[in-house]
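# Chains, contacts and geometry: an overview
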Amino acid sequence: MTKYRADLTVLSSTDVAQDFTLLRVSTHDIDPVIAPGQFAELRTVTPTGNLLRRPISIHDYDPKAHVLSFLIRRVGDATKAICRLRPGDKLDTVFPLGNGFPLDKAGNRPLLVGGGVGVAPLMLLAKQLISCGASPVCAFGAKTESELLLIDEFSRLCPVHISTDDGSKGIKGFVSDLPLFSPSELSSFSSVMVCGPTPMMKAVNNRVASSSIDCFVSLETMMACGIGVCLCCVTDTQEGNLRVCTDGPVFNTKSLKW
Amino acid sequence: MVKLSVNLGNNLSLANPVLTASGTFGYGYEYDDFFDVSSLGGFIVKGTTLEPRQGNPAPRMAETPSGMLNAVGLQNKGVEYFVSNIYPKLLKYSNCVIVNVSGSSVEDYVATASRIAQLDHVAAIELNISCPNVKKGGMGFGTNPDMAAQVVDAVRKVYSKHLMVKLTPNVTDITAIARAVESAGADSVSLINTLLGMAIDAERRRPMLSTITGGLSGPAVKPVALRMVWQVSHAVKIPVVGLGGIANATDAVEFLLAGASAVQIGTANFIDPSTPARVLAGIEDYLRRHNIDNVNDLIGSLIV
């Protein structure tokens, strides 16, 4: 898949919750081939002069309209500056990067598990799975109701099961506590695809590990280049240190030293 | 027509003075989507060692003001893997392919260089005696003039093509090291490798890097690098290749003015993968604007 570096034009920047922004940009005349789970390296000028790009999951892509979307958690100066961009502003983007979720291993009934902003790549994933004839089911967890993101949008695509740490929405507890993960219910799924905080992904993997179902996780690490040259983002695997950016970010949990 | 070619001696002639720094440019092909890699004077591939190395544990990187720290620790699959699996992919490049060689002992360096010497399409070796992120060897060789000379002398005996030696800035007097490697037979020196640094996460009361300390690079180090290039270019007769924080053509021109015969683009490759192409175009533009028709007339032409 060809990679691009381009100044993409911001179409809209919408706060979808406190600390979370949905940013839509135009890819203009570029026709990228994008797999769900891939990411982009974003950069804009920040007040503190941040040097490095920020790796952000591709949330959605509409190839006909040439619209690329990012769901971004405003954490530090760089992500805040990116989310302050207004329609017409340019976003310096290197994309699409990394390997996405393996659609060919998803099966007929994949379970998509998202924690917090980890739901971001699952939108394009759900859409593409559905267009391939699969019937995905979503399980989303967050600290509290206000951090559950785009539930209505996902609910229009497929069933969504919810947990919150404080019980403000859905079941009280972690996403891995949902009844979906009981051995009897889990066996009805063809695969599990997860994106979220590492402890949450480990908890999900622990529930799945005793079954024969493959569990794919999208790892998040600090990165510099995003294209496999700096070797800063490695994770320890059965094959030694592998790069999250180009060997991942999606890994089968069996290959990780978890 | 502006003349951009530079000669670094011992048959290493570059079509232009723009190279890329080892460890920031992979094996070149990672950048094929972004610009024509063969348009550069050459590129220096990732540090290669005799045996495969896993490198250091994560976290290996921290962003710092105008720079970054890394603690990769020379992760690579070893010289045999390079020869069998990577070298064939480099044959398509028409410019100078330079292999960065590192080691933990003189014997390591010699064995790796001997293997690289068999590769026709490798124009030169950059001998890395300056990596701050490995426990044994690396920077240890580059901080002591006698040890630096010893490793260069040993590699010189088995490697007849161009031998560039990469120097560390983590020394009191870099000119002493430069003179020592010149006497031992180096054809050129490249400087600077990263500056030893440290970053702390105050909230967690922990170091940001698994190795506690790491190598600082990026625009933050440019003034230090310029100073050292200036000093070394006045201390040795062999060509100096300048690097350290170059992010645009003006930065590159500053290094040429200070005495560098060529430059390497490093950390900027992570930020804009097309930086080397932009720098090359910008150098050409600078020469035209200043009515200089040969880049060699710019080298060391600082007015003081």
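Source: prediction; values computed, not measured.

Scanning chain A from N- to C-terminus turns up five helices and 16 strands. What you see for chain A is a C-alpha radius of gyration of 17 Å, in line with the 18 Å of a compact globule of 258 residues. Expressed as lengths along the three principal axes of its C-alpha atoms, the size of chain A is roughly 50 × 40 × 35 Å. Going through the 258 residues of chain A one by one, you find that 57% of them count as buried. Nonlocal contacts in chain A, meaning residues at least 24 apart in sequence, comprise 62% of its contacts between residues at least 6 apart. Surface accessibility of chain A: about 10,500 Å² in total, with carbon and sulfur atoms responsible for 49%. In chain A, 25 positive and 25 negative side-chain charges are present, and the distance between their average locations comes to 2 Å.

Attention now goes to the overall build of chain B. Assigned secondary structure in chain B consists of nine helices and 16 strands. Its C-alpha atoms give chain B a radius of gyration of 18 Å, within 12% of the compact-globule value 19 Å for 304 residues. Its C-alpha atoms give chain B principal-axis dimensions of about 55 × 50 × 40 Å. Taking all 304 residues of chain B together, the buried fraction comes to 61%. Counted over contacts in chain B with a minimum sequence separation of 6, partners at least 24 positions apart contribute 72%. For chain B, the exposed area adds up to about 11,500 Å²; of that, 53% sits on carbon and sulfur atoms. The positive charge centre, built from 24 side chains, and the negative charge centre, built from 25, are 5 Å apart in chain B.

This part is about the sheet that holds strand E1 (residues 4-17) of chain A. Residue and element names in this part refer to chain A. Read from one edge of the open sheet, seven strands run E4-E3-E7-E1-E2-E6-E5, paired in antiparallel fashion. The sheet is open, and its two borders are formed by strand E4 (54-57) and strand E5 (60-62), each paired with just one other strand. Adjacent strand axes in the sheet meet at a mean angle of 35 degrees, parallel and antiparallel pairs treated alike.

With that settled, consider the environment of Pro219(B). Structurally, Pro219(B) is set in the loop between strand E14 (213-217) and helix H6 (222-235). For Pro219(B), a relative accessible area of 33% corresponds to the partly exposed category. For the pair Pro219(B) and Val2(B), spaced 217 residues apart in sequence, the C-alpha separation works out to 28 Å. In this structure, Pro219(B) is in contact with Leu51(A), Ser66(B) and Gly245(B), ignoring residues within four places of it in sequence.

Moving on: the layout of surface pockets. All names here are of chain B. One number sums up the size of the second largest pocket: a volume of about 660 Å³. Elements represented by at least two residues in the lining of the second largest pocket include exactly strand E4 (42-48), strand E6 (67-70), E14, helix H8 (268-271) and helix H9 (275-289). Among the elements that take part in the lining of the second largest pocket, H8 stands out by supplying three residues, more than any other. When the residues that make up the lining of the second largest pocket are grouped by side-chain class, the tally is 19 nonpolar, 21 polar and five charged.

Before going further, it helps to spend a moment on the side chain of Asn193(B). Residue and element names in this part refer to chain B. Along the chain, the position of asparagine 193 falls in the loop between strand E10 (188-191) and strand E11 (195-198). Residue classification places asparagine 193 among the buried residues on the basis of a relative accessible area of 12%. In this structure the side chain of asparagine 193 is engaged in a polar contact, spanning 3.4 Å, whose partner is the side chain of asparagine 128. Within the local environment of asparagine 193, its side chain forms a polar contact with the side chain of serine 130, the two groups lying 2.9 Å apart.

Our focus in this paragraph is a nonpolar patch on the surface. A cluster of nonpolar side chains, Met198(B), Ile200(B) and Ile212(B), forms an exposed patch at the surface whose accessible area comes to about 300 Å². Given a relative accessible area of 58%, Ile200(B) falls into the exposed group.

We now examine the interface of chain A and chain B. Each partner contributes to the interface: chain A provides 25 residues, whereas chain B provides 30 residues. Carbon and sulfur atoms make up 62% of the surface buried where chain A meets chain B, a total of about 2,300 Å² over both sides. Linking chain A to chain B there are two salt bridges. Where Asp272(B) meets Arg5(A), a salt bridge forms, and the shortest distance between an N and an O atom there is 3.7 Å. Scanning the region where chain A abuts chain B turns up nine residue pairs in polar contact (both at pLDDT 80 or more). Tallied by class, residues from the side of chain A that touches chain B come to 15 nonpolar, four polar and six charged.

Quick look at the packing of aromatic side chains now. Tallying each qualifying case throughout the model produces 10 aromatic pairs over all chains. Three or more aromatic residues joined by ring pairs make a cluster, and in this case those are Phe25(B), Tyr31(B), Phe34(B), Phe35(B), Phe43(B) and Tyr93(B). Taking the ring centre of Phe189(A) as reference, the NZ or CZ of Arg109(A) above it sits at 4.3 Å.

For the rest of this paragraph, the subject is the environment of Ala123(B). All names here are of chain B. Of note, alanine 123 is situated in strand E8 (residues 122-128). Judged by its relative accessible area of 23%, alanine 123 is partly exposed. The sequence separation of alanine 123 and lysine 161 amounts to 38 residues, and the corresponding C-alpha distance is 7.1 Å. When neighbours within four sequence positions are excluded, alanine 123 is seen to be in contact with Leu12, Cys96, Val97, Tyr159, Lys161 and His162.

This part takes up the pairing of strand E2 (residues 20-26) of chain A. Residues and elements named next belong to chain A. For E2, the buried fraction is high: six of the seven residues fall into the buried class. Here seven bridges tie E1 to E2, and the two strands are oriented antiparallel to one another. Among the inter-strand pairings, threonine 9 is bridged to a residue of E2, identified as serine 26. Where E1 folds back on E2, the antiparallel hairpin that results is connected by two residues, among which aspartate 19 adopts a positive phi of roughly 75 degrees. Sheet topology note: the E2/strand E6 (residues 67-73) ladder contains seven bridges and is antiparallel. The partner of phenylalanine 20 across the bridge, within E6, is arginine 73.

Let's shift gears to the packing of helix H4 (residues 145-158) of chain B against helix H5 (residues 174-183) of chain B. Residues and elements named next belong to chain B. Axis separation between H4 and H5 bottoms out at 8 Å; the angle between their running directions is 30 degrees. Judged on the interaxial angle alone, H5 and H4 are roughly parallel. Considering how the two elements wind past one another, H4 and H5 form a crossing that is right-handed. Residues Pro145, Ala148, Ala149 and Val152 of H4 form the contact with H5, whose participating residues are Ala176, Ile177, Ala180 and Val181. Looking at side-chain class alone, the contact of H4 with H5 contains eight nonpolar, no polar and no charged residues.

Definitions and cut-offs
- Residues numbered from 1 in each chain as written.
- Chains lettered and ligands numbered in written order.
- Predicted model: local features only at pLDDT ≥ 70, side-chain atom pairs only at ≥ 80, totals over all residues.
- Heavy atoms only, no water.
- Helix = DSSP H or I, 4+ residues; strand = E, 2+ residues; numbered from the N terminus.
- Rg over C-alpha atoms; globule rule 2.2 N^0.38 Å.
- Buried < 20%, exposed > 50% of the residue type's maximum accessible area, 1.4 Å probe, protein only.
- Contact = heavy atoms within 4.5 Å.
- Areas by Shrake-Rupley, 256 points an atom, 1.4 Å probe, with all protein chains shown as cover.
- Lys, Arg positive; Asp, Glu negative; His and termini not counted.
- Charge placed at Lys NZ, Arg CZ, Asp CG, Glu CD.
- Pairing = 2+ DSSP bridges.
- Axes fitted to C-alpha atoms, helices over the stretch in contact; angles between N-to-C directions.
- 1 Å grid on protein atoms, 1.4 Å probe; cavity = no way out; pocket = protein on both sides within 12 Å on 5 of 7 lines; lining within 4 Å.
- Points joined across faces, edges and corners; volume = space filled by probe spheres on them.
- Nonpolar A, V, L, I, M, F, W, Y, C, P; charged D, E, K, R; others polar.
- Polar contact = N/O pair within 3.5 Å; in protein donor to acceptor, adjacent residues only side chain to side chain.
- Patch = residues over 30% accessible without salt bridge, like charges linked within 9 Å, V, L, I, M, F, W, Y side chains within 5 Å.
- Salt bridge = Lys/Arg side-chain N within 4 Å of Asp/Glu carboxyl O.
- Buried area = accessible area lost by both parts, 1.4 Å probe.
- Phe/Tyr/Trp six-rings, centres within 6.5 Å; stacked < 30°, edge-to-face > 60°.
- Lys NZ or Arg CZ within 6 Å of the ring centre and 35° of its normal.
- Parallel < 35°, antiparallel > 145°, perpendicular 65-115°, else oblique.
- Left-handed = near helix turned anticlockwise from the far one by under 90°.

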